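Single-letter residue listing:
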Amino acid sequence: MKRVYSTEILANAWHIRNVLEQYDIDSVIRNENLFSVAGEVPFIECMPEVWVKPLYYRRAKQIIAELESSSQAEGPDWKCSECGESNMISYSVCWKCQSSDEKPMLDEEPC
Ligand SMILES: [Zn+2]
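Residues numbered from 1 in each chain as written. Predicted model: local features only at pLDDT ≥ 70, side-chain atom pairs only at ≥ 80, totals over all residues. Heavy atoms only, no water.

Novice: Honestly, the packing of aromatic side chains in this entry has me stumped. Any pointers?
Specialist: Remark: the centre distance and the inter-plane angle together describe each pair of aromatic rings, the angle taken between the planes. Under the criterion given, the structure shown has zero aromatic pairs. Against the face of Tyr 57 rests Lys 2, its NZ or CZ located 4.8 Å from the ring centre. Taking the ring centre of Trp 51 as reference, the NZ or CZ of Arg 30 above it sits at 3.9 Å. (Phe/Tyr/Trp six-rings, centres within 6.5 Å; stacked < 30°, edge-to-face > 60°. Lys NZ or Arg CZ within 6 Å of the ring centre and 35° of its normal.)

Rendered as structure tokens:
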């Protein structure tokens with residue numbers, strides 16, 4: 001088995017598992033029970049993880065990458081063109097300098 005995904009949020013792991021299932025990819029979630037004892041072991045070791053058979057690894061990674069890029073397109077942040085501060089997508093003006101940059105245009109952001 002190979003790990004294709006890890007998350008701080010168990011619901012995300014379940015979501016990934018459901019999506020993979022739609023592509024006929026069997027997966028298992030690890031650490032979903034460990035999560036309740038997060039205070040007693042290093043946090044990183046009890047992150048919920050999604051594992052698949054090596055056969056499906058490449059395909060699963062591709063599906064997850066597509067999922068993540070599509071969720072990125074919706075936000076959550078836009079960058080103020082005046083001061084460069086990151087703002088929540090729900091803010092119409094910059095929380096820091098009150099400049100109203102109405103065009104998040106994430107896909108055209110200069111790098
Ligand atoms: Zn600003």
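Picking up after the structure, the text goes on.
Novice: Whenever I open this one, the sheet that holds strand β1 (residues 2–6) confuses me. Can you help?
Specialist: The strands making up a sheet associate through hydrogen bonds between their backbones, and the pairing can be parallel or antiparallel. In space, the three strands of this open sheet follow the order β1-β3-β2, with antiparallel pairing throughout. Strand pairing shows two members of the sheet lacking a second neighbour, β1 and β2 (27–30), which therefore form its edges. Taken pair by pair, the neighbouring strands of this sheet meet at an average axis angle of 30°, ignoring direction. Alignment of β2 against strand β3 (residues 49–52), held across four bridges, turns out to be antiparallel. (Pairing = 2+ DSSP bridges. Helix = DSSP H or I, 4+ residues; strand = E, 2+ residues; numbered from the N terminus. Axes fitted to C-alpha atoms, helices over the stretch in contact; angles between N-to-C directions.)

Novice: Help me understand the environment of Ile 89 in this model?
Specialist: Relative to the assigned elements, Ile 89 resides in the segment after β5 (86–88). Each C-alpha atom of the pair Ile 89 and Lys 79 lies 9.4 Å from the other, and the pair is 10 residues apart in sequence.

Novice: Is there a simple way to think about the confidence of the model for the chain in this case?
Specialist: Keep in mind that low pLDDT regions are not for reading the predicted coordinates in detail. A residue-level look at the chain finds 73% of positions with pLDDT of 70 or above and a mean pLDDT of 80. Taken element by element, the predicted model of the chain shows its lowest mean pLDDT in strand β4 (residues 77–79) (80) and its highest in β3 (96). (pLDDT = per-residue confidence, 0-100.)

Novice: Is there a simple way to think about unusual backbone geometry in this case?
Specialist: Note: most peptide bonds trans; most residues except glycine with negative phi. In the Ramachandran plot, Asp 24 falls in the positive-phi region, its phi being about 60° despite a non-glycine side chain. Examined against the element boundaries, Asp 24 turns out to sit in the loop between α1 (10–22) and β2. A residue is classified by how much of its surface remains accessible, and Asp 24, at 65% relative accessible area, is exposed. Phi is positive for Gln 98, close to 60°, though the residue is something other than glycine. (Buried < 20%, exposed > 50% of the residue type's maximum accessible area, 1.4 Å probe, protein only.)

Novice: I tried to follow the coordination of the zinc ion on my own but got confused; where do I start?
Specialist: Tetrahedral coordination by four donors places them ideally at 109.5 degrees to one another around the metal; octahedral coordination by six donors ideally gives 90 or 180 degrees. Only Cys 80 (SG), Cys 83 (SG), Cys 94 (SG) and Cys 97 (SG) from the protein coordinate the zinc ion, and they sit 2.3 Å from it. If you look at the zinc ion, its four donor atoms make angles of 106 to 115° with each other, and the shape they trace is tetrahedral. Positions of the donor residues of the zinc ion along the chain correspond to the pattern C-x2-C-x10-C-x2-C. Here Cys 97 lies in the segment after β5 and Cys 80 lies in the loop between β4 and β5, a separation of 17 residues in the sequence. The exposure class of Cys 80 is buried, given its relative accessible area of 3%. Classification of Cys 97 by relative accessible area gives partly exposed; the value is 33%. (Donors = N, O, S within 2.8 Å, 3.2 Å for Na, K, Ca; no water. Tetrahedral: all angles 85-135°; square planar, octahedral: opposite > 155°, others 65-115°.)

Novice: Teacher, can you tell me more about α1 here?
Specialist: Given 3.6 residues to a turn, an α-helix orients residues that are three or four positions apart in the same direction. Taking 1.5 Å of rise per residue, the 13 residues of α1 would be expected to cover 18 Å, and the 19 Å separating its terminal C-alpha atoms lies within 8% of that figure. Every buried residue of α1 is accounted for by Ala 13, Ile 16, Val 19 and Leu 20. End-on view of α1: buried residues confined to an arc of 125°, all on one side of the axis. Seen from the buried face of α1, the exposed residues on the opposite side, beyond 90 degrees, are Ala 11 and Gln 22. Residue Asp 24 follows α1 closely and has a positive phi angle near 60°. (Expected span 1.5 Å × (residues − 1). Arc of directions from axis to C-beta.)

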